[in-house]
Amino acid sequence: TAAWTGTANASTSTLSQDGGVVATNLLTSPNPTVATWPTSGGLTSTDSANGIVLTCTNPGDNYVQINVPVQPNVAYVLTADLTRLDSPTSPNGSFFAYEIMNTGPIGTVYANIQRDGFALTTSHDTNLLGIRLYAANGAVGDVAVWSHIGLYTAADWAAMQALGITWFSGDEYGKVSQ
């Protein structure tokens, strides 16, 4: 079963089996929404049943981003579904992340992330991971639709894979590996 650890869409969520927690999705908004994923650049964002819709209003460096607390020296796995993309995104790829150090500067940058199970290990002084979902930037009106975002420890990801599960939130865990 899946459950929120606190307020729905504002807390982490857990996946449990036989009364024990198998994994935790560390994102408080694993189905991105306008209210929880701030925009940057020339785009509008709207909520839909299929995820967050990013519509280009001015081609350029357009994205939504959240910063997620992480632990230093820990292996994590990132996942995301891009269900529609009308035109190319940023040169950094459609899915992008970077470490933010305790002292403020940006650390390791992860560009052109493949969306299904990207593994990374944080540096010794990292305390945040910035996650960006880019908009289509070919022309005004081009759309990108994002959903099912996940950040898991590598151990939790392995446990999920053993169950055939590739994503969950506190409301659902229906995304199963084929």
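Note: the structure precedes this text.
For every chain, the first residue of its written sequence is number 1, and the numbers climb from 1 along that sequence. Only residues with pLDDT of at least 70 get local features here, since the model is predicted, and only at 80 or more are side-chain atom pairs given and counted; chain-wide, interface and lining totals rely on the full set of residues. Hydrogens are left out, water is left out, and the side-chain values use all remaining heavy atoms of the structure.

Novice: I'd like a description of the nonpolar core, backed by residues and values.
Specialist: Side-chain atoms within 4.5 Å are what join buried Ala, Val, Leu, Ile, Met, Phe, Trp, Tyr and Cys residues into a set we call a nonpolar core. Whether a residue is buried, partly exposed or exposed follows from its accessible area with a 1.4 Å probe, protein chains only, as a fraction of its type maximum: under 20%, in between, or over 50%, in that order. Counting residues in hydrophobic clusters, the biggest one holds 26 residues, and the most contacted among them are W37, L78, F95, L129, I131, W146 and L151. Contributing elements (two or more residues each) for this core: β6 (51–56), β7 (63–69), β8 (75–85), β9 (95–101), β12 (126–134) and β13 (143–153). Non-local contacts of L151, meaning those with residues more than four positions away in its chain, are made with T24, N25, L26, L27, V68, V70, Y76, V77, L78 and L129. Membership of the second largest hydrophobic core comes to 10 residues, among which are V22, A23, V77 and F168. By definition, any uninterrupted DSSP run of H or I lasting at least four residues is a helix, any uninterrupted run of E lasting at least two residues is a strand, and each is numbered from the N terminus. Contact between two residues is taken to exist if any of their heavy atoms lie within 4.5 Å; hydrogens are not considered.

Novice: Residue-level account of the side chain of S11, with values.
Specialist: In this fold, S11 is placed in the loop between β1 (2–4) and β2 (13–17). A residue is classified by how much of its surface remains accessible, and S11, at 9% relative accessible area, is buried. Throughout this description, a polar contact denotes any pair of N or O atoms lying within 3.5 Å of each other; where both atoms belong to protein, one of them has to be capable of donating a hydrogen while the other can accept it, and for residues adjacent in sequence the pair is counted only when both atoms sit in side chains. Within polar-contact distance, the side chain of S11 engages the backbone nitrogen of G6 at 3.0 Å. One polar contact links the side chain of S11 to the main-chain carbonyl oxygen of T7, over a distance of 2.8 Å. In this view, S11 contacts W4, T5, G6, L27 and T28; residues no more than four positions away in its chain are not counted.

Novice: I'd like a description of helix α1 (residues 154–162), backed by residues and values.
Specialist: All of the buried residues along α1 are D156, W157 and M160. Projected down its long axis, α1 shows its buried positions confined to an angular sector of 100°, all on one face. Exposed side chains of α1 directed beyond 90 degrees from the buried face belong to A155 and A162. Taken from the residues just after α1, G164 is the one with a positive phi, measuring 80°. The arc in question is the one traced by the directions running from the helix axis out to the C-beta atoms.

Novice: Explain the packing of aromatic side chains to me, and be specific about the residues and the numbers.
Specialist: Think of it this way: a Phe, Tyr or Trp ring, Trp meaning its six-membered ring, pairs with another when their centres are within 6.5 Å, and the plane angle makes it stacked under 30 degrees, edge-to-face over 60, tilted otherwise. As enumerated under the stated definition, the model contains seven aromatic pairs in all. Taking 6.1 Å as the distance between ring centres and 80° as the angle between the ring planes, the aromatic pair formed by F96 and Y134 counts as edge-to-face. In this pair, F96 sits in strand β9 while Y134 sits in strand β12, placing the two residues 38 residues apart along the sequence. There is no split in this pair, since F96 and Y134 are both buried. Aromatic rings pair up to connect Y63, F96, Y98 and Y134 into one cluster. Cation placement over rings: the criterion is NZ of Lys or CZ of Arg within 6 Å of the ring centroid and within 35° of the ring normal. The ring centre of Y63 lies 3.9 Å from the NZ or CZ of R132, which sits over that ring.

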